[in-house]
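One letter stands for each residue in the lines below.
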Amino acid sequence: MEKQTIFSGIQPSGKLTLGNYLGAVRNWGKLQDEYNCFYCIVDMHAMTQYQVPKDLRKQTLEGLAMLLACGLDPEKNTLFIQSHVPAHAEAAWLMSCMTYFGELSRMTQFKDKSAKQSDNINAGLFTYPVLMACDILLYQADLVPVGSDQKQHIELTRDVAERFNNRYSPTFAMPKPYIPKVGAKIMSLQEPEKKMSKSDENDNANIYLLDPPEVIKKKFKRAVTDSVGVVQLADDQPGIKNLITIYSVCKNMTMDQVVEEFEGQGYGVFKDAVADAVIEVLKPVQDKFHELMANKAYLEEVYKDGADRAERTARKTLRKMYKKVGFIPR
Ligand code: TYM
């Protein structure tokens, strides 16, 4: 039986967080044997925010090294950089002519980001989901492993794909979001009602994947909790719920097992244990990351090979799209 296809992407717009890891990247490695997987560092998406060119270059390479350090085997997965495969931008123009202004106006990420960068609400920020839809559709992806914040974008992808399929003829596979049961939305350590996000200005709100152990310990010690004082799952204890989630994913335990383990214990003990669990999970990732960053020639080999492979699949779909809409082949 032919393997199903998976596509996902990650922005190189800052340092990767524990949210990116637990909600997305950690799960990608588990899929590599069963699926035909494409993972992309979406540098073109990152342009919707102002980027310092030399930082963007560095973060793009770091993003790739991080995917490898998190266990993605470049033989089994196609790992590439979005701007290396021009079909993404080309398809995005066509699909932007099939996506309605009203649909894009409803995207919550657009609303959130517009509020955060009110001095730079650029057209790319608005049409961002169209480019994301093309990322997915060009590879005929069946599944898209993401955190829950991306669900709405995948629903839009399906709507636009269906519109194209109906207007012309069946062209795209219908992608489904693939969201983990636990860890799909890791919250900020400082404002646990908000998602942990690379763009948060408060450093203490995030655990970065490259944070050294003492920093991780300190950030968890300072994590905002509540005055209830009981490690339990309750709606009015979002900080504790977030810590239970993090511990449960790192330790492969259910949330109830975590509650049981810390019954009768204070928050201090619990926070230290969560920090230790995170340090243990991140240690091998960090070691591998530093080893890879010291070998730029290898990283170059990986992204060049990835781009060649991605290009072949993406071109094939783009050719079909062009033909169906009535463009004359050259
Ligand atoms: P990005 O770069 O913001 O995040 C990468 C992945 O990490 C997940 N994630 C989280 N999961 C749990 N808790 C959190 N706090 C958290 N923060 C981030 C995201 O859900 C995502 O899976 N638009 C995408 C990138 C993209 C893409 C694509 C994804 C571009 N094209 C095609 C899938 C398919 C984004 O900005 O992800």
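## Overview of the site of the ligand
The full set close to the ligand counts 27 residues, and Tyr128, Asp135, Gly147, Asp149 and Ile186 are the nearest of them. For the ligand, an oxygen atom lies 3.1 Å from a polar atom in the side chain of Asn20. Here Tyr128 contributes a side-chain N or O atom positioned 2.7 Å from a nitrogen atom of the ligand. At the level of secondary structure, the elements contributing two or more residues to the shell around the ligand comprise strand 1 (5–10), helix 1 (18–28) and helix 7 (123–138). Of the residues that constitute the shell around the ligand, the class distribution is 12 nonpolar, 10 polar and 5 charged.

## Some thoughts on the environment of Ile10
Residue placement: Ile10 occurs in strand 1. Counting along the chain gives 300 residues from Ile10 to Ala310, while the straight-line C-alpha distance between them is 16 Å. Setting aside residues no more than four positions away along its own chain, Ile10 makes contact with Leu16, Asn20, Val25, Trp28, Cys40, Ile41, Val42, Leu67 and Lys198.

## Describing the domain arrangement of the protein chain
Segmenting the protein chain into domains produces domain 1 (5–178 + 296–325) and domain 2 (203–290). Once you take the C-alpha centre of each, domain 1 and domain 2 turn out to be 30 Å apart. On the domain 2 side, the residues contacting the 12 residues of domain 1 number 16 residues. Of all residues in domain 1, the largest losses of buried area upon contact with domain 2 belong to Leu18, Arg26 and Met66, amounting jointly to 38% of the total for that side. Run the count over domain 1 and domain 2 and you get 0 salt bridges. Across the domain 1-domain 2 interface, the total number found is 3 residue pairs in polar contact (both at pLDDT 80 or more). Only helix 1 and helix 3 (53–69) provide two or more residues apiece to the side of domain 1 that touches domain 2.

## Observations regarding the nonpolar core
With 62 residues, the main nonpolar core has Phe220, Ile246 and Val278 as its most contacted residues. Here this core takes 14 residues from helix 12 (residues 267–293), the largest share from any one element. Split by domain, the residues of this core number at least three in each of domain 1 (5–178 + 296–325) and domain 2 (203–290). In this view, Ile246 contacts Leu18, Leu22, Ile186, Leu189, Phe220, Val274 and Val278; residues no more than four positions away in its chain are not counted. Formed by 40 residues, the second largest nonpolar core is a distinct cluster that contains Val85, Met95, Met98 and Ile154.

## Digging into the pattern of salt bridges
Throughout the structure, instances matching the rule amount to 17 salt bridges. Measuring nitrogen to oxygen at the nearest pair gives 2.7 Å for the salt bridge that ties Asp305 to Arg309. Pair noted here: Asp305 and Arg309 are both in helix 13 (residues 296–325), with a separation of 4 residues, about one helical turn. Exposure remark for Arg309: the relative accessible area of 21% places this residue in the partly exposed category. Through salt bridges that share partners, Glu90, Glu311 and Arg315 make up one connected network.

Basis of the calculations
- Residues numbered from 1 in each chain as written.
- Predicted model: local features only at pLDDT ≥ 70, side-chain atom pairs only at ≥ 80, totals over all residues.
- Heavy atoms only, no water.
- Near = heavy atom within 4 Å.
- Polar contact = N/O pair within 3.5 Å; in protein donor to acceptor, adjacent residues only side chain to side chain.
- Helix = DSSP H or I, 4+ residues; strand = E, 2+ residues; numbered from the N terminus.
- Nonpolar A, V, L, I, M, F, W, Y, C, P; charged D, E, K, R; others polar.
- Contact = heavy atoms within 4.5 Å.
- Domains from an automatic or database assignment.
- Buried area = accessible area lost by both parts, 1.4 Å probe.
- Salt bridge = Lys/Arg side-chain N within 4 Å of Asp/Glu carboxyl O.
- Core = buried A, V, L, I, M, F, W, Y, C linked by side-chain atoms within 4.5 Å.
- Buried < 20%, exposed > 50% of the residue type's maximum accessible area, 1.4 Å probe, protein only.

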